[in-house]
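Here is what each chain is made of, one letter per residue.
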Number of protein chains: 2
Amino acid sequence: MTASATRKTPTSTELAAWREYIEAADELKRAVSSAMQEQSGVSSGDYSVLLALSEADGHRLRSSALADEIGWERSRLSHHLGRMEKRGLVGRDRCGDDNRGAWIVLTTEGSRLFRTASAAHFRVIRRLFVDALDDDELEGVRTASATLRRHVRSADGGASQDD
Amino acid sequence: MTASATRKTPTSTELAAWREYIEAADELKRAVSSAMQEQSGVSSGDYSVLLALSEADGHRLRSSALADEIGWERSRLSHHLGRMEKRGLVGRDRCGDDNRGAWIVLTTEGSRLFRTASAAHFRVIRRLFVDALDDDELEGVRTASATLRRHVRSADGGASQDD
DNA sequence: TCCTCCTAGTTGACATGTCAATCATAAAGG
DNA sequence: CCTTTATGATTGACATGTCAACTAGGAGGA
């Protein structure tokens with residue numbers, strides 16, 4: 001906001017850092033998804049949903065609570081739940097006191113698959129991510145990521161701080 | 001590969017780092033895409049393609065060279081080029097010595113849009129990414145990202161080093 | 001009651017990605 | 001030449017995401 005604000009264009013070093021960063025994240029995400037899919041038949045999206053439901057009270061959540069929990073848009077979740085329901089991983093229970101929606105519940109099959117997928121998830125994260133970095137690097141990545149998230153969230157609300 | 005190999009499951013600290021990392025990347029990517037789309041009507045995918053073509057000799061590339069350049073699968077690029085062609089951003093020139101494909105060329109409109117989009121791209125990257133980190137953090141992110149990419153690439157080829 | 005507004009969630013259209021199959025041309029070998 | 005095989009690229013089916021529009025039920029007030 002001060003000295004650097006006079007420069008509109010990132011330096012080539014800064015751009016290179018951006019490019020490394022975003023491509024690394026893409027490649028990692030793709031590799032993790034494909035390994036998880038292959039090892040357990042569960043995508044990262046499926047896994048987020050299953051994890052949130054597993055940790056929820058009674059293995060069930062209202063769809064908007066679930067969306068908040070995993071940080072998804074409602075419509076994205078709605079589409080995804082439809083697909084998971086077709087596969088028998090989740091179901092819906094009518095909710096007495098509010099008929100606008102229902103509880104999203106983990107089915108027996110969903111629980112079973114989640115246990116399998118967790119093991120695969122842990123192996124994959126260890127192999128592709130944790131094993132690549134030492135403790136200091138890992139800590140550096142964690143704090144930088146947290147900083148970036150805070151920054152993006154604050155910039156998004158107050159948008160158009162450009163120029 | 002040694003001490004840590006006896007542990008199958010990442011520690012909760014390691015998992016937390018993974019989660020911060022991947023969510024930060026997702027949020028950043030989404031924020032950047034949406035800001036670029038809004039400011040210039042060009043998505044990050046479009047931008048990669050336009051950038052590669054702009055830097056190419058004669059503003060043209062064979063489709064597989066372009067795919068290598070930006071690290072995409074062929075079919076992904078093919079679909080994307082189809083959409084960009086419909087919008088008039090790229091075209092195809094028959095290639096004399098090998099009739100299996102064509103040169104992908106930047107149209108005048110494509111060049112024009114690329115210039116606009118570059119300005120937006122720089123502003124957005126600066127605002128959402130570069131401004132969030134100091135020089136040391138940026139350098140840390142760059143090296144950690146490079147390390148991760150190397151690791152993923154080597155693990156992907158030789159896959160299934162699990163257990 | 002009934003009108004209005006809010007909230008929960010779904011839907012449809014479309015952009016984007018992946019995978020496997022296919023097509024056309026090139027290159028090699030008889 | 002004429003098969004066979006390799007290469008460049010597209011296609012179709014389908015998974016996944018986004019956005020805007022819509023449905024339906026709750027809540028408050030005249």
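Basis of the calculations
- Residues numbered from 1 in each chain as written.
- Chains lettered and ligands numbered in written order.
- Predicted model: local features only at pLDDT ≥ 70, side-chain atom pairs only at ≥ 80, totals over all residues.
- Heavy atoms only, no water.
- Phe/Tyr/Trp six-rings, centres within 6.5 Å; stacked < 30°, edge-to-face > 60°.
- Helix = DSSP H or I, 4+ residues; strand = E, 2+ residues; numbered from the N terminus.
- Lys NZ or Arg CZ within 6 Å of the ring centre and 35° of its normal.
- Salt bridge = Lys/Arg side-chain N within 4 Å of Asp/Glu carboxyl O.
- Buried < 20%, exposed > 50% of the residue type's maximum accessible area, 1.4 Å probe, protein only.
- Near = heavy atom within 4 Å.
- Polar contact = N/O pair within 3.5 Å; in protein donor to acceptor, adjacent residues only side chain to side chain.
- Nonpolar A, V, L, I, M, F, W, Y, C, P; charged D, E, K, R; others polar.

### A few points about the packing of aromatic side chains
And then number 1: Within this structure, the stated rule accounts for nine aromatic pairs over all chains.
And then number 2: Between phenylalanine 129 of chain A and tryptophan 18 of chain B, the aromatic rings sit 5.1 Å apart at their centres with planes inclined by 70 degrees, giving edge-to-face as the arrangement. One end of the pair, phenylalanine 129 of chain A, is in the loop between α5 (108-128) and α6 (135-157); the other, tryptophan 18 of chain B, is in helix α1 (residues 12-40), on a second chain.
And then number 3: Feature note: the residues Trp18, Tyr21 and Phe129 of chain A together with Trp18, Tyr21 and Phe129 of chain B constitute an aromatic cluster, connected by ring pairs.
And then number 4: Just above the ring of tryptophan 72 of chain B sits the side chain of arginine 76 of chain B; from NZ or CZ to the centre is 4.0 Å.

### Comments concerning the pattern of salt bridges
And then number 1: Enumeration over the complete set of coordinates arrives at 26 salt bridges over all chains.
And then number 2: Glutamate 23 of chain A is the salt-bridge partner of arginine 149 of chain B, the closest N and O atoms lying 2.9 Å from each other. Placement of the pair is arginine 149 of chain B in helix α6 (residues 135-157) and glutamate 23 of chain A in helix α1 (residues 12-40), with the two residues belonging to separate chains.
And then number 3: Between lysine 29 of chain A and aspartate 26 of chain B there is a salt bridge whose closest N-O contact spans 3.1 Å. With lysine 29 of chain A in helix α1 and aspartate 26 of chain B in helix α1, this residue pair bridges two chains.
And then number 4: Among the residues examined, lysine 29 of chain A registers a relative accessible area of 37% and is labelled partly exposed.
And then number 5: For aspartate 26 of chain B, a relative accessible area of 25% translates into the label partly exposed.
And then number 6: Salt bridges here are not isolated pairs; linked through shared partners, they connect Arg19, Glu20, Glu23 and Glu27 of chain A together with Arg149 and Arg153 of chain B.

### So, the protein's contact with DNA strand D
And then number 1: The environment of DNA strand D is formed by 21 residues, the closest being Ser75 of chain A together with Arg62, Ser64, His79 and Arg92 of chain B.
And then number 2: Atoms of DNA strand D within 4 Å of the protein belong to the sugar or the phosphate in 61% of instances, the rest to bases.
And then number 3: In the model, a phosphate oxygen of DNA strand D is placed 2.9 Å from a nitrogen or oxygen of the arginine 30 of chain B side chain.
And then number 4: Measuring from a phosphate oxygen of DNA strand D, one finds a side-chain N or O atom of serine 78 of chain B at 3.1 Å.
And then number 5: Where the surface near DNA strand D is concerned, the elements lending two or more residues are α4 (74-86) of chain A together with α3 (63-70) and α4 (74-86) of chain B.
And then number 6: Here the residues of the surface near DNA strand D are counted per class, giving one nonpolar, ten polar and ten charged.

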